[in-house]
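# Observations on the model geometry
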Amino acid sequence: MKTIKKITCIALVLLIAVSAVFAGGSSESSAKKTYKVGICQFVQHVALDSATQGFMDALKDALGDSVVFDNQNASGDMSTVTTIVNSLVSNKVDLILANATPPLQVAAAATGDIPILGTSVTDYETALDLKLNNGATGINISGASDLAPLDKQAQMIVELFPGVKNVGLLYCSAEPNSVYQINQMETYLMQMGIKSTRYAFTDSNDVASVTEAACKSADVLYIPTDNTAASCTEAIRNVIEPAKVPVVAGEEGICKGCGVATLTISYYDLGYTTGKMAVEVLKNGADISKMPIQYAANPIKKYNAELCSLLGVKIPSDYTAI
Amino acid sequence: MNIGSLISALPGAIAQGLIWGVMAIGVYLTYKVLDIADLTVDGTMATGGAVCVMMMLNGANLWVALLCAVLAGMIAGLVTGIFHTAMGIPAILAGILTQLSLYSINLAIMGFKANQGINVRNYHLLVSSRNVKVIGPQNPIFVMIIVTALLIGVLYWFFGREIGAALRATGSNEHMSRAQGINVNRCKIIGLMISNGIVALASALFAQYQGAVDVNMGRGGIVIGLAAVIISTVLFGKIFHNFAMKLLGVSLGAVIYYIVIQIVLWLGLNTNLLKLLSALVVAIFLAIPYWKGKLAKGAKNA
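Residues numbered from 1 in each chain as written. Chains lettered and ligands numbered in written order. Predicted model: local features only at pLDDT ≥ 70, side-chain atom pairs only at ≥ 80, totals over all residues.

## Here's the deal with the interface of chain B and chain A
- The interface is formed by 43 residues belonging to chain B together with 43 residues belonging to chain A.
- Sorting the residues of the side of chain B that touches chain A by element identifies helix H1 (3-33), helix H4 (91-109), strand S1 (115-117), strand S2 (212-214), helix H10 (243-266) and helix H11 (274-301) of chain B as the ones contributing at least two each.
- Partitioning the side of chain B that touches chain A into residue classes produces 20 nonpolar, 18 polar and five charged. (Contact = placed C-beta atoms within 7 Å. Helix = DSSP H or I, 4+ residues; strand = E, 2+ residues; numbered from the N terminus. Nonpolar A, V, L, I, M, F, W, Y, C, P; charged D, E, K, R; others polar.)

## What about the sheet that holds strand S13 (residues 320-321) of chain A?
Residue and element names in this part refer to chain A.
- With mixed pairing, seven strands are arranged side by side in an open sheet as S7-S6-S8-S9-S10-S12-S13. For this open sheet the edge positions go to strand S7 (195-201) and S13, each flanked by a neighbour on one side alone.
- Inspection of the sheet shows strand S10 (residues 261-264) paired to strand S12 (residues 300-303) by four bridges, in the antiparallel sense. In the strand pairing of S12, Ala 261 is matched with Tyr 303.
- Lying on the sheet, helix H7 (residues 176-191) is in contact with strand S6 (166-172), S7 and strand S8 (220-223); it crosses S6 at an angle near 170°.
- Relative to the sheet, helix H8 (residues 207-217) contacts S6, S7 and S8, its axis offset from that of S7 by approximately 165°. (Pairing = 2+ DSSP bridges. Axes fitted to C-alpha atoms, helices over the stretch in contact; angles between N-to-C directions.)

## With respect to the domain arrangement of chain A
All names here are of chain A.
- Domain annotation of chain A identifies domain 1 (34-146 + 268-291) and domain 2 (150-264 + 300-321).
- Computed over C-alpha atoms, the centres of domain 1 and domain 2 are 29 Å apart.
- Across the contact, eight residues belong to domain 1 and 10 residues belong to domain 2.
- In terms of residue class, the side of domain 1 that touches domain 2 is made up of three nonpolar, three polar and two charged. (Domains from an automatic or database assignment.)

## Comments concerning H11(B)
- Between the first and last C-alpha of H11(B) there are 40 Å, a value that for 28 residues agrees with the 40 Å anticipated at 1.5 Å per step.
- With two of 28 residues buried, H11(B) is to be regarded as a mostly surface element. (Expected span 1.5 Å × (residues − 1). Buried ≥ 20, exposed ≤ 12 C-beta atoms within 10 Å, placed from the backbone.)

## Some thoughts on H1(B)
Residue and element names in this part refer to chain B.
- For H1, spanning 31 residues, the distance from its first C-alpha to its last is only 39 Å, which falls clearly below the expected 45 Å at 1.5 Å a residue.
- At Leu 10, H1 is bent by approximately 35°, the largest bend along its length, and proline Pro 11 sits one to four residues beyond.
- Asp 35 lies just past H1 and shows a positive phi near 60°. (Bend = angle between axes of the 7 residues up to and from the residue.)

## Some points on the sheet that holds strand S3 (residues 95-99) of chain A
Residues and elements named next belong to chain A.
- Taken in spatial order, the six strands of this open sheet run S2-S1-S3-S4-S5-S11, and their pairing is parallel. A strand with exactly one partner marks an edge of an open sheet, and here the two such strands are strand S2 (67-73) and strand S11 (294-295).
- Bridging between S3 and strand S4 (residues 116-121) involves four bridges; their strand directions are parallel. Paired with Ile 96 across the strands is Ile 116, a residue of S4.

## Focus on the packing of helix H2 (residues 46-63) of chain A against helix H12 (residues 267-282) of chain A
Residue and element names in this part refer to chain A.
- In contact at an axis separation of 6 Å, H2 and H12 are set at 40° when each is read in the N-to-C sense. Viewed along their axes, H2 and H12 adopt a mutual orientation that is oblique. Seen from above, H2 lies across H12 with right-handed handedness. For the pair formed by H2 and H12, the contact residues are Ala 47, Ser 50, Ala 51, Thr 52, Gln 53, Gly 54, Phe 55, Asp 57, Ala 58, Leu 59, Ala 62 and Leu 63 on the first element and Tyr 267, Tyr 268, Asp 269, Leu 270, Gly 271, Tyr 272, Thr 274, Gly 275, Lys 276, Ala 278 and Val 279 on the second. (Parallel < 35°, antiparallel > 145°, perpendicular 65-115°, else oblique. Left-handed = near helix turned anticlockwise from the far one by under 90°.)

## So, the environment of A:Asn71
Residues and elements named next belong to chain A.
- Structurally, Asn 71 is set in strand S2.
- Separated by 15 residues in the primary sequence, Asn 71 and Met 56 have C-alpha atoms spaced 9.7 Å apart.
- Those residues in contact with Asn 71, other than ones at most four positions away along the chain, are Ile 39 and Thr 52.

## Focus: the packing of H1(B) against H10(B)
Residues and elements named next belong to chain B.
- With their axes 6 Å apart at the nearest point, H1 and H10 run at an angle of 140° to one another. The pairing of H1 with H10 is recorded here as oblique in orientation. Classified by chirality, the crossing of H10 by H1 is right-handed.
- Across the contact of H1 with H10, the residue classes break down as 19 nonpolar, seven polar and no charged.

## Some details on the environment of B:Gly191
Residue and element names in this part refer to chain B.
- Within the secondary structure layout, Gly 191 lies in helix H8 (residues 184-210).
- Residue classification places Gly 191 among the buried residues on the basis of 25 C-beta atoms within 10 Å.
- The spatial distance from the C-alpha of Gly 191 to the C-alpha of Phe 206 is 23 Å, given a sequence separation of 15 residues.
- When neighbours within four sequence positions are excluded, Gly 191 is seen to be in contact with Leu 29, Thr 30, Leu 34 and Leu 167.

## Observations concerning unusual backbone geometry
- A positive phi angle is found at A:Ala100, which is not glycine, with a value near 105°.
- Among the secondary structure elements, A:Ala100 is positioned in the loop between S3 and helix H4 (101-110).
- For A:Ala100, a count of 29 C-beta atoms within 10 Å gives the class buried.
- Even without being glycine, B:Phe112 reaches a positive phi, approximately 60°.
- Its location among the elements puts B:Phe112 in the loop between H4 and S1.

Structure (structure tokens):
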């Protein structure tokens, strides 16, 4: 038994030494007909899943069979993100898709050479701690932002509920994109002379109790594009429905679950836009450091017919039903 | 699925393993030496990074920021210690309470933003995943080997002193230690402070390594720490008897854990199953000594 342990120890040391030698990485043939694209998605969730699907569809439409995907999901764990990015970088993929802020940050730290495209990220400047120059980062990163037109969403709240006194801003304190959107919303509402109060929950365990507290003092609730809220829409609906407090949502998934109306962007389209940027980089050799961050186009006003009739909300004619 | 890609992914896994190895040493101090199950580490694992990154973003020197991260961790350990000794709360609950409150405190440290990036281009970082394949002094593997060696040296010196020996005695047999005149409450508090200070140091290093601090980055950290401790006990328990070598074994345990995770990814298994697989790995490592014992008993009876 002792000899086996000795051999294991020696083998481990040898493995570490050999890996240091191989650290240079294996050389690939210069003519790359197949593009290897690595995807790191932060967590399983409808909007992020749609963005990944849109991205893959765009690449498949343009490059057909000559693109191979390595699609990994970190299940919300930061340390798994680091491991996934490490394996993508060491496999020398041609492009990395970072779906959400943490993969974007970890990929940006891990490599300065492999082009990185972000998607479903709201604010690139804070995430990467840099200043955008004409919308471009100047380094190996670009992508699409899911920043929805928050001023128009604030206007939507006033349009649908003209007598509103207090808007409750419901969000998950652990999500940087939500915090950013809530900050902006608060400012826009204040400019329109409407009082707003923040109600932050830490994770899916407190959603119900925080929503209860919010319903007691707010007339209308607003939920931004928050991953945690989007996965707990049933819990939120069970609170707001008996309390008869309508919810204006930041995206369609949340609106379908518990909201009355939304000014939504399509995450699938966002992913598709990112995919088209990837094609530019891979096939047409575009310089990623000069590509400006693209924003979601064509937000659509949508409403949830069932909840609107349950809560007695009148919807103007320019809204589409979900 | 060639072996070359696995081997080229190993430096990253080793670097991550060495950083979590520092955290595992902190967990080892409370779990094995003091015999307390300290769950504060899930919170402290984000506090260290938060303090370090926010200070560096505001212009502080790297070493000052690291030192403050360690101090912040020690304060967290102090709070758990007070909950446990002065307020009589059982150790596990005390750890959970501190971990819960650290969530809000970490958010406050980060300016109520859940996530803050730090750019390796703009700041002088001690470790960065950017340099993991560079042959030179900035390679995080090299830096972490030195950090681990220094840490083990300091701890070896400390636990040889009277206070250190008192800590070990407290963990070994609390009643006997109290009978011998050792202030066991003070020892537990000091032990928790040292352990959480070390975990905060690991957190600060990990935040620099991955280029960001996230308020949830410590979640599940205790599992990784315990996995490393258990792997080291099983693999190196019979080889390493010296205290310093045991700490080294813990660090190696963390490295082995991350190498196994990297192999799992390389095998192409669904990352969604990663947590299940980690649990299975730890379970098997825990079962090995038990099965060995039963085999030995069976052989004796035959």
